[in-house]
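Listed here are the chains, written in short residue letters.
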Amino acid sequence: MAIAPRSNIDKGIMEAPEMLDEEGVDLEMEEGEDEGPETPYTIEEDEEGGAIITYGDGLDAVDVASLGFGANLAEVLEPGYLSLISKELGQAVEDDDEGREEWKKVYEEGLTLLGINYEDRTEPFEGSTGVTHPVLNEAVTQFQAQAYKEMLPSNGPARTQIIGQVTPEREQQAERVKNYLNYYITTEMEEYDPEYDQMLYYLGYGGSTFKKVYYDPEFGRAVSPVIYPNDLIVPYHAKDIRTAERVTHVLRLSPNELRKQQVSGFYRDIDLAEPTEAERDQIEEKRDKITGIEPSSKPDGYRLYEIHTNLDLEGFEDRDSDGEPTGIKLPYVVTMNADTGDILAIRRNYDEKDRKKLKQQYFVHYKFLPGLGFYGFGLVHLLGNLSRSSTSILRQLIDAGTLSNLPAGFKAKGLRIQDEGSLLQPGEWRDVDAPGGSLRESLLPLPYKEPSATLMQLLGFCITAAEKFVGTKDLGMTDSNQELPVGTTIALLERGSRVLSAVHKRLHYSQKQELKLLTNIIRKTVSVYPYDVAAGREIAAQDFDDRIDILPVTDPNIFSMTQRISLAQEQLRLAEAAPQMHNQYEAYRRMYSALGVQDIDLILPPPPEPQPEGPAMENARSMLVPNGAPQLKAFPDQDHQSHIVSHLSFIKSPLIQTSPQVYGVLLGHIFEHVALMALQQVTEQAMSLQQQAPPMVNPMTGQMTPAPPPPPELLQKAAAAIEAQMIEAVMQQLSPQQTEDPLIQLQQRDLDIREQAVKLKAEEAALRIDLDERKLEAKQAEDNRRRSSTEDIQQLRANVSMARAREAKRPTQ
């Protein structure tokens, strides 16, 4: 079979009259030369002046159609063909790596500005300071600390959003998906948290880091390791990782790990040379020097290139509907030894069911700031010059203080000091032999100055400029600004943190892409929940579908706890100012959430859900409008007719007629019952008609099927017509039966008032007469009582006198 690799093989090699290997050796076979173990090939010129290389049958004696979709194609391709692919891809990767030399130089030089190591310097004098100003390291550390807390909270980084109609079942599904995904990341993926923490430091420093999300058979789950920018190579002209023509991940595997991959069948089981000590990258050398790590003399493993690219392999071409090759390159993942070029695996990198054969994404690009090319800008690019200036000024100030405290100078040639080699100690006086004249004239100190105040101001300017540029300066909450309005505080926070706010939004987008890739793997590999759920463990296979969208728990518009608390405080203040217009429970709950309080329901129990009530209770609760708007709610299973009649009777009372708020609440509740009653009637009629309708014949299967229910649009239209009739009847009940002239009404009302006044006066006069009569009767009764009492006293006195008289007439003994 003729192997005619198209654009995936170097055009220059294909069109050259001679085929040379890397050392310039002619690859064409001499006549009569032993072919050796390799399959011979021939070169034929095509019609366009190119060349067609023929390697025997091109493929090993394997039926291509029998190969599994995920098979390692390197097992069946000819060794000579693999060699050509290896040469082209290896050269392309080296060219890609050379195209970013300047970027690596900036990245490597900036590591010194972190100030992790102290530099021993002999210039401008022995013992001069080698301190580095920490402005860059401080900015990186502050960003890492803030982003780590926001992007990876302790409860997990994921939340869910329901796509489409929200139902109780979907809400429960979304809650299960959110809980499991957070459990998966925080518990199952034990390496996720520490690697993400370290990734944020690299991201703040260099501006770009990557995550690679894939299923690892060894762990039996998804993994998302961090890839540092020097280990991911893209072409010079690449704009983003999704559209890059070629993405190369530099892997480092120990001999034992590589052997396990070969035995498992993931890589070709071929003999590999012993790993050689490859030339170390300058970034790796600088990083190891700063951390104090030195590589061993013996290489610790193999260096592999995992190349995600597009190829047009002979025998595996993209074909049109007629079975003819289209010449379109398809996505593949090629893994090769970076030192020897041996190809270990070639696998398709698109879904078997995808007709478009789109490239599957494994990488997520985290950017601090969009750069001018593929890689992002980090703080080393933004603050590099300011950090160098601050370091230079700081060293000058320290050196000036050192020289001024330990002065040097000249002495006269004939001046002799005993023990000249030892330094003078504080409080020590040493003998000096002066040839003549004063000692002051024999010594001349150099004119060293104290640290310059101008340099101090310049250093402060550089530090302030750096903090202002990246927004790392904290907003000072002094006593004078504690009384600032919340809106002003939020505006100050937003103005001082615009850069970090934009960075936070980019991190939110990248984390969303990472969670999406993780969810796709879970959807394919997880069938049951590892713990008990109310709906059953097997529900996991149905939960992870397209109805639920996975989003980061962070808010892209809020980037700090200070801003979150300020917003919640302002919401609570507005809710308390107008309680009738706000949900105060939700305002307090958001405040507790912003403060990071756990188990909020324990200290802030949710308000009870409205329950069906009778019409009398609803009428009573409607009277609570002055103390807060009542929550009157109609339910589908209630007796709507009885409720409507009861509310209409109550709403006609004079008390309700003079209370517009209660009147409006009851009228709205009546209309709610009207809507549910109309829908209930229409639904019952539709079900009755559906049951009475004859069954239909399925034209495809010929089977009898029940008549379909009417579409919801027709039900809504019919319900609207019934609602109109019911509302008209309700309004007629509420409107007066007859209307009179307003003047007559006023006159009649005036007559009624006068008549009522006359009645009141008559009643008052009658009451007064009755009162006078009662007073007269009471007086007469009192007089009679007094008169009777007087007569009794007089009779008693008469009796006493008569008794005395009788006693006096009685003879003495």
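The paragraphs below set out a description of the structure included in this document. (Residues numbered from 1 in each chain as written. Predicted model: local features only at pLDDT ≥ 70, side-chain atom pairs only at ≥ 80, totals over all residues. Heavy atoms only, no water.)

With respect to the sheet that holds strand 5 (residues 208-212)
Consideration 1: Spatial strand order, 8-5-14: 3 strands in an open sheet with antiparallel pairing. Looking at strand neighbours, the two that pair on one side only are strand 8 (226-227) and strand 14 (363-367), the edges of this open sheet.
Consideration 2: Across 2 bridges, the pairing between strand 5 and strand 8 is antiparallel. Bridge assignment links Lys-211 to a residue of strand 8, and that residue is Val-226.
Consideration 3: On the sheet, helix 6 (residues 192-206) packs against strand 5, strand 8 and strand 14 and is oriented at approximately 150 degrees with respect to strand 5. (Pairing = 2+ DSSP bridges. Helix = DSSP H or I, 4+ residues; strand = E, 2+ residues; numbered from the N terminus. Contact = heavy atoms within 4.5 Å. Axes fitted to C-alpha atoms, helices over the stretch in contact; angles between N-to-C directions.)

Digging into the pairing of strand 19 (residues 548-552)
Consideration 1: For strand 19, the buried fraction is high: 4 of the 5 residues fall into the buried class.
Consideration 2: Here 5 bridges tie strand 4 (residues 158-162) to strand 19, and the two strands are oriented antiparallel to one another. Bridging across to strand 19, Arg-159 finds its partner in Leu-551. (Buried < 20%, exposed > 50% of the residue type's maximum accessible area, 1.4 Å probe, protein only.)

Remarks on the layout of surface pockets
Consideration 1: Taken as a whole, the second largest pocket encloses approximately 1500 Å³ of empty space.
Consideration 2: Where the lining of the second largest pocket is concerned, the elements lending two or more residues are helix 4 (135-151), strand 4, helix 5 (168-188), helix 15 (561-577) and helix 16 (584-594).
Consideration 3: The residue inventory of the lining of the second largest pocket, partitioned by class, reads 11 nonpolar, 10 polar and 11 charged. (1 Å grid on protein atoms, 1.4 Å probe; cavity = no way out; pocket = protein on both sides within 12 Å on 5 of 7 lines; lining within 4 Å. Points joined across faces, edges and corners; volume = space filled by probe spheres on them. Nonpolar A, V, L, I, M, F, W, Y, C, P; charged D, E, K, R; others polar.)

Things to note about the nonpolar core
Consideration 1: One finds Leu-136, Leu-232, Leu-379 and Leu-507 to be the most contacted residues of the largest nonpolar core, which totals 70 residues.
Consideration 2: For this core, the element with the most residues is helix 13 (residues 498-525), which contributes 8 residues.
Consideration 3: With residues near it in sequence (within four places) discarded, Leu-232 still touches Arg-100, Phe-210, Ile-227, Ile-241, Val-247, Thr-248, Phe-363, Phe-374 and Tyr-375.
Consideration 4: If you look at the next biggest cluster of nonpolar residues, it comprises 24 residues, including Val-76, Met-336, Ile-346 and Tyr-350. (Core = buried A, V, L, I, M, F, W, Y, C linked by side-chain atoms within 4.5 Å.)

Re empty space enclosed by the protein
Consideration 1: Enumeration over the complete set of coordinates arrives at 3 cavities of 30 Å³ or more.
Consideration 2: In terms of lining residues, the second largest cavity is bounded by Ile-241, Val-247, His-308, Asn-349, Lys-359, Gln-360, Gln-361, Tyr-362 and Phe-363.
Consideration 3: Of the residues that constitute the lining of the second largest cavity, the class distribution is 4 nonpolar, 4 polar and 1 charged.

Remarks on helix 18 (residues 615-622)
Consideration 1: If you check which residues of helix 18 are buried, you get Glu-618, Asn-619 and Ser-622. The buried side chains of helix 18 occupy one side of the element, clustering within an arc of 100 degrees when seen end-on.
Consideration 2: Contacts made by the buried residues of helix 18 are with helix 19 (640-651) and helix 21 (660-692). (Arc of directions from axis to C-beta.)

Overview of the pairing of strand 13 (residues 343-348)
Consideration 1: In terms of residue burial, strand 13 counts as a mostly covered element, since 6 of its 6 residues are buried.
Consideration 2: Adjacent in sequence and paired antiparallel, strand 12 (residues 330-337) and strand 13 are bridged by 5 residues, among which Gly-341 carries a positive phi angle near 85 degrees.

As for the packing of helix 21 against helix 22 (residues 712-734)
Consideration 1: The geometry of helix 21 relative to helix 22 is characterised by a closest axis approach of 8 Å and an angle of 140 degrees between their N-to-C directions. As the angle between them shows, helix 21 and helix 22 are arranged oblique. Crossing of helix 21 over helix 22 shows right-handed handedness. Residue-level inspection shows Tyr-663, Leu-667, Ile-670, Phe-671, Val-674, Ala-675, Met-677, Ala-678, Leu-679, Gln-681, Val-682 and Ala-686 of helix 21 in contact with helix 22, the latter providing Leu-715, Ala-718, Ala-719, Ile-722, Glu-723, Met-726, Ile-727, Val-730, Met-731 and Leu-734.
Consideration 2: For the contact of helix 21 with helix 22, the class distribution of residues is 20 nonpolar, 1 polar and 1 charged. (Parallel < 35°, antiparallel > 145°, perpendicular 65-115°, else oblique. Left-handed = near helix turned anticlockwise from the far one by under 90°.)

Overview of the packing of aromatic side chains
Consideration 1: One pass over the full model with this rule turns up 18 aromatic pairs.
Consideration 2: Ring geometry for Phe-210 against Phe-374: centres 6.0 Å apart, planes inclined by 10 degrees, an arrangement best described as stacked. Of this pair, Phe-210 sits in strand 5 while Phe-374 sits in the loop between strand 14 and helix 9 (379-405); the two residues are 164 residues apart in sequence, bridging distant segments of the chain. The same class applies to Phe-210 as to Phe-374, namely buried.
Consideration 3: Residues Tyr-529 and Tyr-531 carry aromatic rings whose centres are separated by 5.9 Å and whose planes lie at 20 degrees to one another, so their mutual orientation is stacked.
Consideration 4: Assessed through its relative accessible area of 1%, Tyr-529 is described here as buried.
Consideration 5: Taking the ring centre of Tyr-214 as reference, the NZ or CZ of Lys-212 above it sits at 5.3 Å. (Phe/Tyr/Trp six-rings, centres within 6.5 Å; stacked < 30°, edge-to-face > 60°. Lys NZ or Arg CZ within 6 Å of the ring centre and 35° of its normal.)

Some words on the sheet that holds strand 11 (residues 302-311)
Consideration 1: With respect to topology, 5 strands assemble into an open sheet ordered 9-10-11-12-13, the strand pairing being antiparallel. A single partner strand is all that each edge strand has here, and the edge strands are strand 9 (232-233) and strand 13.
Consideration 2: Pairing analysis gives 7 bridges linking strand 10 (residues 247-253) to strand 11, with the strands arranged antiparallel. By the bridge assignment, His-249 is partnered in strand 11 with Glu-306.

Notes on the environment of Leu-77
Consideration 1: Note that Leu-77 resides in the loop between strand 3 (51-55) and helix 2 (79-98).
Consideration 2: Using a relative accessible area of 2% as the deciding quantity, one classes Leu-77 as buried.
Consideration 3: Separated by 236 residues in sequence, Leu-77 and Leu-313 have C-alpha atoms that sit 9.3 Å apart.

So, the side chain of Thr-391
Consideration 1: Summarising the element assignment, Thr-391 is placed in helix 9.
Consideration 2: In contact with Thr-391, other than residues within four places in its own chain, are Val-131, Thr-132 and His-133.

Some details on the environment of Phe-650
Consideration 1: Inspection of the secondary structure puts Phe-650 in helix 19.
Consideration 2: Each C-alpha atom, one on Phe-650 and one on Ala-620, is 9.9 Å from the other, the two residues being 30 residues apart in sequence.
Consideration 3: Those residues in contact with Phe-650 that sit more than four places away from it in its chain are Asn-619, Ser-622, Met-623, Ile-656 and Leu-666.

Here's the deal with a nonpolar patch on the surface
Consideration 1: A surface patch of nonpolar side chains, about 370 Å² in accessible area, is lined by Leu-595, Val-597, Leu-602 and Ile-603.
Consideration 2: Its location among the elements puts Leu-595 in the loop between helix 16 and helix 17 (600-603).
Consideration 3: According to the relative accessible area criterion, Leu-595 is partly exposed, its value standing at 40%. (Patch = residues over 30% accessible without salt bridge, like charges linked within 9 Å, V, L, I, M, F, W, Y side chains within 5 Å. Areas by Shrake-Rupley, 256 points an atom, 1.4 Å probe, with all protein chains shown as cover. Salt bridge = Lys/Arg side-chain N within 4 Å of Asp/Glu carboxyl O.)

Some thoughts on helix 19
Consideration 1: Between its first and last C-alpha atoms helix 19 spans 16 Å; for 12 residues at 1.5 Å apiece the expected length is 16 Å, and the two agree.
Consideration 2: Against the buried residues of helix 19 lie helix 18, helix 20 (654-657), helix 21 and helix 22. (Expected span 1.5 Å × (residues − 1).)

In short, geometric facts, not functional conclusions.
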